[in-house]
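Listed below are the residues making up each chain.
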6 protein chains.
Amino acid sequence: MKGEVFYGKGMQYIKEDNPDLYEALVELNEVVYNGKSLDYKTQKLIAIGIAASKSDELATQKQMKSSIEELDTTKDEIMDVLRVVLLTSGAPAFNQGVRILKSL
Amino acid sequence: MKGEVFYGKGMQYIKEDNPDLYEALVELNEVVYNGKSLDYKTQKLIAIGIAASKSDELATQKQMKSSIEELDTTKDEIMDVLRVVLLTSGAPAFNQGVRILKSL
Amino acid sequence: MKGEVFYGKGMQYIKEDNPDLYEALVELNEVVYNGKSLDYKTQKLIAIGIAASKSDELATQKQMKSSIEELDTTKDEIMDVLRVVLLTSGAPAFNQGVRILKSL
Amino acid sequence: MKGEVFYGKGMQYIKEDNPDLYEALVELNEVVYNGKSLDYKTQKLIAIGIAASKSDELATQKQMKSSIEELDTTKDEIMDVLRVVLLTSGAPAFNQGVRILKSL
Amino acid sequence: MKGEVFYGKGMQYIKEDNPDLYEALVELNEVVYNGKSLDYKTQKLIAIGIAASKSDELATQKQMKSSIEELDTTKDEIMDVLRVVLLTSGAPAFNQGVRILKSL
Amino acid sequence: MKGEVFYGKGMQYIKEDNPDLYEALVELNEVVYNGKSLDYKTQKLIAIGIAASKSDELATQKQMKSSIEELDTTKDEIMDVLRVVLLTSGAPAFNQGVRILKSL
């Protein structure tokens with residue numbers, strides 16, 4: 001499955017106890033990351049930007065990590081995402097993003 | 001100048017009364033949108049995603065509009081950005097983005 | 001369909017041009033509002049609280065309106081939701097919620 | 001006192017050094033959680049939804065914990081709150097909520 | 001009453017139908033704006049910064065307006081608040097703040 | 001340099017690998033904290049208020065710490081900032097701010 005952004009220990013729990021919700025989420029995830037025009041890698045860069053702009057540490061880390069591992073996204077590419085975060089969301093969100101990127 | 005996101009009536013006011021701030025902002029804008037690896041169009045798609053994920057109506061509209069006019073970004077491409085907004089930020093932010101896209 | 005929160009002009013556009021996304025969203029909406037334990041009315045009150053806590057004017061209005069019309073939610077019940085918004089999210093979010101409630 | 005949401009080490013500090021503020025907060029808390037129509041348990045479910053929709057880890061944990069301990073709220077009920085969080089605020093906020101719920 | 005930030009049509013409604021809540025809010029407002037060390041004007045500048053950093057148009061406008069009218073805050077002082085908004089919260093929040101300031 | 005808010009390990013990384021961005025950020029920082037009317041200390045109090053209102057733990061801690069160390073800001077002054085955070089952004093953001101303040 002593409003974009004396993006929301007995968008983790010929590011999903012196992014949902015799969016067992018809330019299979020209807022699990023299936024709807026998997027379906028949504030598939031559909032979201034199979035758009036008409038943009039490739040998966042570009043969509044993941046957008047997801048990194050959104051997570052970082054919210055200063056969401058865990059989501060940012062997961063998005064960066066899966067982008068690098070699955071899609072060979074480079075640190076320079078992610079840094080260019082963080083440039084946009086700086087302009088649109090300010091220095092604290094940017095700084096957290098840089099710190100996470102460095103730690104990977 | 002690239003990425004005139006923050007351009008508008010307000011900027012004229014800043015230019016006249018706060019020239020130091022104006023110059024720093026223009027400089028930052030130039031630097032942000034001249035990254036090492038990603039092209040300007042991809043960075044603008046990221047900026048659209050960030051604005052839409054915050055339900056920031058005016059910023060979303062300006063980003064979508066300048067992307068379409070300056071960079072020939074298609075509505076299908078923006079729709080693929082909004083798919084990521086739906087998954088990461090929920091249906092209300094997505095719906096507002098779709099409404100703005102349709103109105104352009 | 002329950003919880004037509006994300007219904008509106010935008011959805012027609014999605015249905016026609018992005019049927020895969022439309023179906024996934026309808027499916028998710030159905031699943032979300034058919035939980036195991038809480039009834040639909042309680043879930044809608046929660047949705048009102050979330051929308052109001054984000055100061056999301058349009059979403060708050062839509063959620064309040066559909067709750068009142070579909071589920072006979074009273075203004076006193078919504079006011080009790082807004083009390084929680086005041087404590088958890090501050091006076092500006094609360095005030096906007098009160099203003100929207102009054103206008104319905 | 002109902003809804004000791006804001007209780008903790010910090011409150012002791014406020015009580016001693018800022019008694020005026022402490023009293024106003026206790027008063028507000030009492031009033032908020034003694035609405036006209038909704039019972040305390042429903043209001044707490046709304047508070048969980050708001051905290052989780054903001055990805056506020058500590059507040060979400062405190063709200064879930066006090067709901068379960070004081071009001072016998074079940075994990076299934078909280079999961080139904082998180083369903084609304086998923087639809088209105090996206091997968092990262094939902095996932096964090098599920099993770100916190102599981103850990104309790 | 002100091003800091004009538006949350007005053008407006010909505011408050012009349014609360015006063016009549018929810019007098020307990022009205023009194024608690026008035027009390028909180030009084031206590032908040034009567035701190036130990038900072039004067040009222042400085043606290044209002046902080047309130048402007050917070051409202052603008054959230055891109056909350058209505059709250060920003062009300063805070064700026066009451067600061068100028070009640071406390072003789074100058075537009076240059078508010079512009080210095082917006083400088084901090086730019087650095088901490090990004091260009092879109094800053095631009096909206098400048099636009100509102102100009103319109104007053 | 002004033003307002004080393006965004007200083008830390010991350011900045012060293014930016015300085016080496018993205019010198020253009022580093023310089024633009026340093027320039028912006030200088031300009032932001034050298035306004036026309038407000039002194040640096042007042043601007044830092046505003047920055048504390050903004051960080052705390054977003055429940056941004058790390059940024060709040062850094063802002064409080066540098067204010068106390070560089071500018072002899074007192075804990076009572078910061079507490080008066082947090083009063084405004086309580087009114088405008090709710091009890092959870094306020095509580096986190098109080099906890100951070102106490103820990104310094």
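Caption draft 1: A look at a negative patch on the surface. A contiguous patch of negative charge, built from Glu-23 and Glu-27 of chain A together with Glu-23 and Glu-27 of chain C, is present on the exposed surface. If you list the elements that add at least two residues to the negative patch, you get helix 2 (19–32) of chain A together with helix 2 (19–32) of chain C. Within the fold, Glu-23 of chain C resides in helix 2. The class for Glu-23 of chain C is exposed, based on a relative accessible area of 56%.

Caption draft 2: Representation of the relation of the copies chain D and chain F. Overlay of chain D on chain F (RMSD 0.0 Å): rotation 120°, translation along the axis 0.0 Å. In the structure described here, the two chain copies are related by an operation that fits a three-fold rotation axis.

Caption draft 3: Spatial organisation of helix 5 (residues 75–89) of chain E. Residue and element names in this part refer to chain E. An ideal rise of 1.5 Å per residue puts 21 Å on 15 residues; helix 5 measures up with 20 Å between its terminal C-alpha atoms. Counting buried residues along helix 5, 13 of its 15 residues qualify, which places the element largely inside the surrounding structure. Count one or two residues on from helix 5 and you reach Gly-90, which has phi positive near 95°.

Caption draft 4: Main features of the interface of chain D and chain F. Between chain D and chain F, the residue contacts involve 14 residues of the former and 13 residues of the latter. The contact between chain D and chain F buries some 1200 Å² in all, and 64% of this surface belongs to carbon and sulfur atoms. The tally of links between chain D and chain F comes to one salt bridge. Residue Arg-83 of chain F is joined to Asp-20 of chain D by a salt bridge in which the shortest nitrogen-to-oxygen separation is 3.2 Å.

Caption draft 5: Spotlight on the packing of helix 2 of chain A against helix 5 (residues 75–89) of chain B. Between helix 2 of chain A and helix 5 of chain B, the least distance of the axes is 9 Å, while the angle of their chain directions is 155°. When the interaxial angle is binned, helix 2 of chain A and helix 5 of chain B end up roughly antiparallel. Where helix 2 of chain A crosses over helix 5 of chain B, the two elements pack in a sense that is left-handed. From helix 2 of chain A, Leu-25, Leu-28, Asn-29, Val-31 and Val-32 of chain A reach across to helix 5 of chain B, where they touch Arg-83, Val-84, Leu-86 and Leu-87 of chain B. When the residues that make up the contact of helix 2 of chain A with helix 5 of chain B are grouped by side-chain class, the tally is seven nonpolar, one polar and one charged.

Caption draft 6: Structural context of the nonpolar core. Residues Leu-82 of chain B together with Leu-82 of chain D are the most contacted members of the largest nonpolar core, which totals 211 residues. Excluding residues within four positions of it along the chain, Leu-82 of chain D makes contact with Ala-52, Met-64, Phe-94, Gly-97, Val-98 and Leu-101 of chain D.

Caption draft 7: Spotlight on the relation of the copies chain C and chain D. Superposing chain C onto chain D takes a rotation of 180° combined with a translation of 0.0 Å along the rotation axis, leaving an RMSD of 0.0 Å. Taken together, the turn and the small shift mark the pair as related by a two-fold rotation axis. When the interface residues of chain C are mapped onto chain D, 100% of them again fall at the interface, so both copies present the same face.

Caption draft 8: Just the packing of aromatic side chains, in detail. Residue and element names in this part refer to chain C. The full count for this structure, using the stated rule, is six aromatic pairs over all chains. Plain terms: the ring middles of Tyr-33 and Tyr-40 are 5.3 Å apart, the flat faces sit at 70° to each other, and that makes the pair edge-to-face. With respect to class, Tyr-33 is no different from Tyr-40; both count as buried.

Caption draft 9: Fine view of helix 6 (residues 91–103) of chain B. Residue and element names in this part refer to chain B. With 13 residues, helix 6 should cover 18 Å at 1.5 Å per step; its first-to-last C-alpha distance of 18 Å lies within 8% of that length. A large share of helix 6 lies buried, amounting to ten of its 13 residues. Within helix 6, the full set of buried residues consists of Ala-91, Pro-92, Ala-93, Phe-94, Asn-95, Gln-96, Gly-97, Val-98, Ile-100 and Leu-101.

Caption draft 10: Examining the confidence of the model for chain A more closely. Across chain A, the average pLDDT comes to 92, with 91% of residues at or above 70. Across the predicted assembly, pTM comes out at 0.95 and ipTM at 0.93.

Caption draft 11: Geometry of the interface of chain C and chain D. Contacts between the two partners involve 33 residues from chain C, matched on the other side by 33 residues from chain D. Here chain C is connected to chain D by two salt bridges. Linking chain C with chain D are 14 residue pairs in polar contact (both at pLDDT 80 or more), by the criterion used here. Only helix 2, helix 3 (40–53) and helix 5 (75–89) of chain C provide two or more residues apiece to the side of chain C that touches chain D. Across the side of chain C that touches chain D, the residue classes tally to 16 nonpolar, eleven polar and six charged.

Caption draft 12: The arrangement of the environment of Asp-76 of chain D in detail. Following the sequence through the fold, Asp-76 of chain D ends up in helix 5 (residues 75–89). Sequence separation between Asp-76 of chain D and Leu-101 of chain D is 25 residues; the distance between their C-alpha atoms is 9.9 Å.

Reading guide: rules and limits
The residue count restarts for each chain, going from 1 along the sequence in the order it is written. All chains are assigned letters beginning at A, and all ligands numbers beginning at 1, according to the order in which they are written. With pLDDT at 70 or above as the cut-off, local features in this predicted model cover only qualifying residues; side-chain atom pairs require 80 or more to be listed or tallied, and sums for whole chains, interfaces and linings still use all residues. Working from all heavy atoms in the structure, the side-chain values ignore hydrogens and water. Patches draw on residues past 30% relative accessible area with no salt bridge. Two like charges within 9 Å are joined, as are two nonpolar side chains (Val, Leu, Ile, Met, Phe, Trp, Tyr) within 5 Å. Shrake-Rupley sampling with a 1.4 Å probe provides the accessible areas, and residues are treated as covered by the protein chains on show and by no other component. By convention in these notes, a salt bridge is any Lys or Arg side-chain nitrogen within 4 Å of a carboxyl oxygen on Asp or Glu. A residue counts as positive if it is Lys or Arg and as negative if it is Asp or Glu; His and the chain ends are not included. Working definition for charges: the position is that of NZ of Lys, CZ of Arg, CG of Asp or CD of Glu. Note on conventions: DSSP H or I runs of at least 4 residues are helices, E runs of at least 2 residues are strands, and numbering of each starts at the N terminus. For every residue, the accessible area obtained with a 1.4 Å probe (protein chains only) is divided by the maximum for its type, and the residue is called buried under 20%, exposed over 50%, and partly exposed between those limits. In superposing the copies, a least-squares fit is computed on C-alpha atoms, taking residues whose pLDDT is at least 70 in both. Here the expected span of a helix is defined as 1.5 Å times the quantity of residues minus one. By definition, residues are in contact when any of their heavy atoms lie within 4.5 Å. A 1.4 Å probe defines the accessible area here, and the buried area is the portion of it lost by two parts on being joined, summed over both. For every element, the axis is a line fit to its C-alpha atoms; helices are fit only across the contacting stretch, and the angle between N-to-C directions ranges from 0 to 180 degrees. An angle below 35 degrees is read as roughly parallel, one above 145 as roughly antiparallel, one from 65 to 115 as roughly perpendicular, and any other as oblique. With the far helix as reference, a near helix turned anticlockwise by less than a right angle produces a left-handed crossing, and one turned clockwise produces a right-handed crossing. Classification convention: Asp, Glu, Lys, Arg as charged; Ala, Val, Leu, Ile, Met, Phe, Trp, Tyr, Cys, Pro as nonpolar; all other residues, Gly among them, as polar. Put simply, a nonpolar core is a bunch of buried Ala, Val, Leu, Ile, Met, Phe, Trp, Tyr and Cys residues held in one set by side-chain atoms that sit within 4.5 Å of each other. Pairing of aromatic side chains here covers Phe, Tyr and the six-membered ring of Trp, requires ring centres within 6.5 Å, and sorts the geometry by plane angle: under 30 degrees stacked, over 60 edge-to-face, intermediate tilted. Every residue gets a pLDDT, meaning the predictor's confidence in that residue, from 0 to 100. As used in this structure description, the phrase polar contact means that two N or O atoms lie within 3.5 Å; if the pair is within protein, one of them must be able to donate a hydrogen and the other to accept it, and residues adjacent in sequence are counted only when both atoms belong to side chains.

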